[in-house]
Amino acid sequence: MKAAILRDVNDMRVEEIPAPEPAADEVLVRVAACGVCATDVNMWRGTNLEGTFPFVPGHEWAGEIVETGSEITNFAVGDRVVGEVAETCGVCANCKGGLPPVSCLNVRYYGFSWQTPGGMADYCTAKEPRLHKIPDNLSYEEAALVEPVSIGYHGVWETAGGVLPHDRVVIFGGGPIGMLTLLTCKAAGAPAAMVEPHPHRRDMAQELGADAAFDPLEGSLEEQVLEFTQGRGASLVVECSGNDAARAATLDVVGFRGRIVIIGIRANRTVPLELDKFVFKEVTMAGSDGSGFVFAKPLELMSRRVVDFSKVITHRFPLEEVNQALELGAGQGESSKIMIVP
Ligand SMILES: [Zn+2]
Ligand SMILES: [Zn+2]
């Protein structure tokens, strides 16, 4: 089969390798679509060190089961599936302590090492606990969005406690995660504003339904948000950019008893925060780690079609052109979600 192999920093090659053989507890999936994540781009550029070279990246895949191991009971050949990014051990102190799967001490992420290959290939394998059937009314490309949708969903619904029509949401960062988080909040009927320096991304946010889009480099962001929220500040702030100034500004725009959820990451940064604002506004701040193993709920949300998550897909490339896809993903905001279609 063909596979995109990240051999080193700035060294991605499409190579012919043997298709994986599914073990007794695995299925073999023919990949139909695989999203390019900023994590993939950053590992390629060397600004993210999560991967161990060489490896097949791609943790946002969707496809069809073409073979099942002998121990597989709930899935069959022909099923359309997506796979969670990681598998948990079920036996560590956190797993046994009833903590959520994302806390597993022996968690194994796929798309980050040779032993745990991802979906930028014609085929990949997955164990049954990672798999979810794709609702009939979702295309493979839409289903491949479930991982980045889950990141915002996990942050908004699981770590920040949810979003309702009476909320006033401000989202920092108009990359794919910020856009999909915006759609998740709009699906709940909440007014939501996007904070994003790139004009192209501000336009896209408004096309997707943002009620306002602010340039943080233009005038006072705090004043713009106060105007947007009739003087009250945001009841929910979602930080998706990982930017130092954005992280600090979350405390400027949040309102009294507001909630801040930090999703965006940037390796090893220490950011000064004006914690007096945290105290005087009685703010709750939560961190939210990745997609949180919540695919089932976002898949249902997406299948309701209250909002159209697929609008975030701006470009498609065949597997052979993975380098062009990464190049575009590394650009300055001219793309949103890029799909590899093997
Ligand atoms: Zn991702
Ligand atoms: Zn565990």
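Reading the values: rules and limits
Residues numbered from 1 in each chain as written. Chains lettered and ligands numbered in written order. Predicted model: local features only at pLDDT ≥ 70, side-chain atom pairs only at ≥ 80, totals over all residues. Heavy atoms only, no water. Donors = N, O, S within 2.8 Å, 3.2 Å for Na, K, Ca; no water. Tetrahedral: all angles 85-135°; square planar, octahedral: opposite > 155°, others 65-115°. Helix = DSSP H or I, 4+ residues; strand = E, 2+ residues; numbered from the N terminus. Pairing = 2+ DSSP bridges. Axes fitted to C-alpha atoms, helices over the stretch in contact; angles between N-to-C directions. Contact = heavy atoms within 4.5 Å. Parallel < 35°, antiparallel > 145°, perpendicular 65-115°, else oblique. Left-handed = near helix turned anticlockwise from the far one by under 90°. Nonpolar A, V, L, I, M, F, W, Y, C, P; charged D, E, K, R; others polar. Salt bridge = Lys/Arg side-chain N within 4 Å of Asp/Glu carboxyl O. Buried < 20%, exposed > 50% of the residue type's maximum accessible area, 1.4 Å probe, protein only. Core = buried A, V, L, I, M, F, W, Y, C linked by side-chain atoms within 4.5 Å. Domains from an automatic or database assignment. Polar contact = N/O pair within 3.5 Å; in protein donor to acceptor, adjacent residues only side chain to side chain.

**Describing the coordination of the zinc ion (ligand 2)**
Metal coordination angles in their ideal form are 109.5 degrees for the four-donor tetrahedron and 90 or 180 degrees for the six-donor octahedron.
In step 1: Here the zinc ion (ligand 2) is held by Cys89 (SG), Cys92 (SG), Cys95 (SG) and Cys104 (SG), and the distances to it run 2.3 to 2.4 Å.
In step 2: Of note is the zinc ion (ligand 2), whose four donor atoms meet at the metal with angles of 102 to 121 degrees in an arrangement that counts as tetrahedral.
In step 3: As a motif over one chain, the donors of the zinc ion (ligand 2) read C-x2-C-x2-C-x8-C. Of this pair, Cys92 sits in the loop between strand 6 (86–87) and helix 2 (93–96) while Cys104 sits in the loop between helix 2 and strand 7 (108–109); the two residues are twelve residues apart in sequence, bridging distant segments of the chain.

**A short note on the sheet that holds strand 13 (residues 234–239)**
In step 1: The strand order across the open sheet formed by six strands is 12-11-10-13-14-15, and the pairing between neighbours is parallel. In the strand order of this sheet, the two ends are held by strand 12 (212–214) and strand 15 (284–287), each with one partner. This sheet shows a mean twist of 20 degrees between the axes of neighbouring strands, independent of strand direction.
In step 2: Pairing between strand 10 (residues 169–172) and strand 13: four bridges, direction parallel. Bridge pairing in strand 13 links Ile171 to Val238.
In step 3: Its contacts with the sheet put helix 8 (residues 244–253) on strand 10, strand 13, strand 14 (254–262) and strand 15, and the angle it makes with strand 14 is roughly 155 degrees.

**Overview of the packing of helix 7 (residues 221–228) against helix 8**
In step 1: One way to put it is that helix 7 packs onto helix 8 with a least axis distance of 9 Å and a crossing angle of 45 degrees. Considering their axes alone, helix 7 and helix 8 lie oblique with respect to each other. Considering the relative orientation of helix 7 and helix 8, their crossing is right-handed. Judged by residue contacts, Leu221, Glu222 and Val225 of helix 7 engage Ala249, Asp252 and Val253 from helix 8.
In step 2: Split by residue class, the contact of helix 7 with helix 8 holds four nonpolar, no polar and two charged.

**Notes on the pattern of salt bridges**
Should their charged atoms come close, side chains of opposite charge can pair.
In step 1: Applying the stated criterion across every chain, the model contains 19 salt bridges.
In step 2: Across the pair Arg7 and Glu15 runs a salt bridge whose closest N-O atoms are separated by 2.7 Å.
In step 3: According to the relative accessible area criterion, Arg7 is partly exposed, its value standing at 30%.

**Section: the nonpolar core**
In step 1: Residues Val82, Val163, Val169, Leu182, Leu236, Val238 and Phe309 are the most contacted members of the largest nonpolar core, which totals 42 residues.
In step 2: Going through the elements one at a time, helix 4 (146–159), strand 10, helix 5 (176–187), strand 11 (192–195), helix 6 (199–208), strand 13 and helix 10 (296–304) are the ones with two or more residues in this core.
In step 3: Per-element accounting of this core gives the leading share, five residues, to helix 5.
In step 4: Both domains that meet at this core, namely domain 1 (2–144 + 307–341) and domain 2 (151–287), each give it at least three residues.
In step 5: Once residues within four sequence positions are removed from consideration, Leu236 is found in contact with Val156, Ala160, Gly162, Val163, Arg168, Val169, Val170, Arg259 and Val261.
In step 6: In this structure, Leu6, Val29, Ile65 and Ile340 belong to the second largest nonpolar core, which totals 32 residues.

**Some points on the side chain of Ser288**
In step 1: Assignment of secondary structure puts Ser288 in the loop between strand 15 and helix 10.
In step 2: Given the relative accessible area of 7%, Ser288 is considered buried.
In step 3: Only 3.3 Å separates the side chain of Ser288 from the backbone nitrogen of Gly155, close enough to count as a polar contact.

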